[in-house]
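# Observations on the model geometry
This is what each chain is made of:
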Amino acid sequence: MGYNKSLYKQLSGIVAPIAVQYLMSSLVTASDAFMLGFLDQNSLSASSLAGQTAFVFSLFYGAFVFGLTVLAAQYWGKGDKKTAEEVLAITMRYSLLVGLVFTLATALIPTQIMRFFTSDDVLIEAGAKYLRMVSLSFLLTGFTQTYFGMMKVCGRAKLSSLIGSLSVVINIFLNAMLIFGIGIFPKMNIEGAALATVLARVFETVMIAIAVLGRLCPSFNPRLMLRSGNKELHMDYWRYTVPLLINQIGWGGGVTMYSVIMGHLGSDAVAANSIASIVRSMIASLCWGIASGVGIIIGGMLGRNELDEAKKAGGIFVRLSIWIGAASGAAILAVTPIVLHFIQLAPQAQHYLKYMMLMAAYYIIGNSLNSTIISGVFPSGGDTKFGMLCDVITLWVVVVPMGMIGAFVLKLPVLAVAFILTLDEFVKIPAVYRHYMKYRWVRNITKEQIR
């Protein structure tokens, strides 16, 4: 019992700041939707669809940061800080490179990007304005998110949470000022929300630079980023990151297809789905924080060769994730009347939202369990391939085809299509738990004097 309390205390010290950071990030999306909803439903829908570009980008940097966590957590736990910092440099290289690609694409071809998500000309025009204005944020996000990942590994989760939370406060304040033109600020409507995002990323970048200069977190060596001489470490990084990247793109691409399917079912479906997704993301912050914290804690144990302890801790965390998922589902049900009261949508969209919130309540239970195991437990020991296969097959072989057939062939009602798109987490639970019980993730992947 004492061991469990110690483990929960260690987990809470990491999870609380990470969960707060996820929650605050969700609040930005919520404030965008809430404030733009006051303008008109089209602005809300357009920003939601345009925001899918940022979601797709997050799949890339998320995989890169996952790879950093897999390797750096074990090396840091082992006490090899120099190698952990080199992993940071390798990760930064690819995060900035992909960030630059997204910045250029959204600045130069925003209309073409929007046409992928919807055929509604009004939504395309508004979304293109948003993307062009928000373009610089992708490059800055690549830098800040990579550093936030490293801060969590090296015990500076509270610092990353503080910077991220302050950034959110600034973002929400600027949202109000720039969307509505309050005080000295110009009224920019949907472009105001985009500019607020860019300015918040600038703030994060400056604060991280100050933290690095003040030796509050590991240093960043640009020379290592441009040319790493440690080929073996580089190969190890990609060995664990490539499956994570394929997993992220496969899973995220499937989730993006959900928005594409909804985007072709009308503005009411888009608006309702976007609100339900925002609420679910806010409530799920704790679930995702636990997954991230679990990976760091178990990774450190495995790096120190505490294999039996790591195996025992995995079981405790898996059971905890089920309880957290159930509590999260109850929380969604509890806030549903409040959301329906304060979010003013068209009558049809309001009807959709009511039942989409119910779907979110049970969906989050499976999401909590699977994210803890697939994104936390398995990668902590370098087991990144199974999650890739599981997510890609579930989405692209089962759920996405079913959703497209239901929407475009069978012409099912919007809520029936939405129900089909919530099946992925439950389809894969048996396979995930069976693989977990094989304990192939219980291994130390560090190497001695890797140079």
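For the structure itself, look to the data block above.
Now for a description of the structure that goes with this document. Just so it is clear, the structure is predicted and the values come from calculations on it, not from any experiment.

### Re the overall build of the protein chain
- Scanning the protein chain from terminus to terminus reveals 18 helices and 0 strands.
- Relative to the 2.2 N^0.38 estimate, which gives 22 Å for 451 residues, the radius of gyration of the protein chain is 21 Å and therefore close to what a compact globule would have.
- Per-residue burial for the protein chain yields a buried fraction of 57% across its 451 residues.
- Contacts in the protein chain between residues at least 24 apart in sequence constitute 84% of all its contacts with a sequence separation of at least 6.
- With an accessible surface of roughly 18,700 Å², the protein chain has 67% of that area assigned to carbon and sulfur atoms.
- If you average the places of the 34 positive and of the 21 negative side-chain charges in the protein chain, the two averages end up 6 Å apart.

### Describing the side chain of S137
- In this structure, S137 sits in helix α6 (residues 136–153).
- Reaching out from S137, the side chain makes a polar contact with the backbone oxygen of V134 at a distance of 2.7 Å.

### Quick look at the pattern of salt bridges
- Enumeration over the complete set of coordinates arrives at 5 salt bridges.
- Put simply, E306 and R304 hold a salt bridge, and the shortest N to O gap is 3.2 Å.
- Owing to a relative accessible area of 39%, R304 belongs among the partly exposed residues under this scheme.
- Two residues, K428 and D391, come together in a salt bridge whose shortest N-O distance is 2.6 Å. You can see K428 sitting in the loop between α17 (424–427) and α18 (429–436) and its partner D391 sitting in helix α15 (residues 385–409), a full 37 residues away along the chain.
- In this structure D391 comes out as buried when scored by relative accessible area, which is 5%.
- Here the salt bridges share partners, and the residues they tie into one network are D391, E425 and K428.

### Section: the packing of aromatic side chains
- Per the counting criterion, the structure on display carries 18 aromatic pairs.
- Ring geometry for Y237 and W238: centres 5.6 Å apart, planes at 80°, overall edge-to-face.
- Given a relative accessible area of 1%, Y237 falls into the buried group.
- A relative accessible area of 24% places W238 in the partly exposed class.

### Quick word on helix α2 (residues 41–78)
- In this model, α2 (38 residues) spans 53 Å end to end at C-alpha, consistent with the 56 Å of a helix rising 1.5 Å per residue.
- A72 marks the point of greatest bend in α2, at about 30°.
- With respect to burial, α2 is a largely interior element, 28 of its 38 residues being buried.
- The positive-phi residue at the C-terminal boundary of α2 is G79, with phi of around 100°.

### Quick notes on the state of the cysteines
- Under the defined criterion, the tally for this structure stands at 0 disulfides.
- C287 forms no disulfide, and the closest cysteine sulfur to it belongs to C390, at a distance of 18 Å.
- Given the relative accessible area of 9%, C390 is considered buried.

### Side note on the packing of helix α13 (residues 307–342) against helix α14 (residues 347–380)
- Where α13 contacts α14, the axes come no closer than 7 Å and their chain directions differ by 165°. One finds that α13 runs roughly antiparallel with respect to α14. When you trace α13 past α14, the crossing you get is right-handed.
- Each residue belonging to the contact of α13 with α14 can be placed in one class, and the counts come to 19 nonpolar, 8 polar and 1 charged.

### A look at the environment of A19
- Position of A19 relative to the elements: it lies in helix α1 (residues 2–39).
- A19 sits in the buried class, given a relative accessible area of 9%.
- In the structure, A19 is positioned 266 residues away from S285 in sequence and 5.1 Å away in space, judged by C-alpha atoms.
- If near-sequence neighbours (up to four positions away) are discounted, A19 is found in contact with S285, L286 and G289.

Rules and cut-offs
Positions within a chain are numbered from 1, following the residues in the order the chain's sequence is written. Where totals are concerned, whole chains, interfaces and linings use all residues; where local detail is concerned, this predicted model gives features only for residues with pLDDT of at least 70, and gives and counts side-chain atom pairs only at 80 or more. Remark: hydrogens and water are excluded; side-chain values derive from all non-hydrogen atoms of the structure. Counting from the N terminus, the helices are DSSP H or I runs at least four residues long and the strands are E runs at least two residues long. Note on method: radius of gyration uses C-alpha positions; expected globular size equals 2.2 Å times residues raised to 0.38. Partly exposed residues are those whose accessible area sits between 20% and 50% of the maximum for their type, while under 20% is buried and over 50% is exposed, using a 1.4 Å probe and protein chains only. Throughout, a residue-residue contact means that at least one pair of heavy atoms, one from each residue, lies within 4.5 Å. For accessible areas, the Shrake-Rupley method is used with a probe of radius 1.4 Å. Any residue's cover is judged against the shown protein chains and nothing else. Under this rule, positive means Lys or Arg and negative means Asp or Glu; His and the chain ends count for nothing. Where a charge lies is defined by one atom per residue type, namely NZ (Lys), CZ (Arg), CG (Asp) and CD (Glu). Two N or O atoms count as a polar contact when they lie within 3.5 Å, although within protein this holds only if one can serve as hydrogen donor and the other as acceptor, and sequence-adjacent residues are included solely when both atoms are side-chain atoms. Counted as salt bridges are all cases of a side-chain nitrogen of Lys or Arg within 4 Å of a carboxyl oxygen of Asp or Glu. A pair of aromatic rings is counted whenever rings of Phe, Tyr or Trp (Trp by its six-membered ring) have centres within 6.5 Å, and the orientation is called stacked for planes under 30 degrees apart, edge-to-face for over 60 and tilted otherwise. Expected helix span is computed as 1.5 Å times (number of residues minus one). To get the bend at a given residue, fit one axis to the seven residues ending there, fit another to the seven starting there, and take the angle between those axes. Any pair of cysteine sulfurs within 2.5 Å is marked as a disulfide. To obtain an axis, a line is fitted to C-alpha atoms, over the contacting stretch when the element is a helix, and the angle between two such axes runs from 0 to 180 degrees between their N-to-C directions. These descriptions rest on fixed angle ranges, namely under 35 degrees for roughly parallel, over 145 for roughly antiparallel, 65 to 115 for roughly perpendicular, and the rest for oblique. The sense of a crossing depends on the near helix, which, turned anticlockwise from the far helix by less than a right angle, makes the crossing left-handed and, turned clockwise, makes it right-handed. Residues are grouped as follows: Ala, Val, Leu, Ile, Met, Phe, Trp, Tyr, Cys and Pro are nonpolar; Asp, Glu, Lys and Arg are charged; every other residue, Gly included, is polar.

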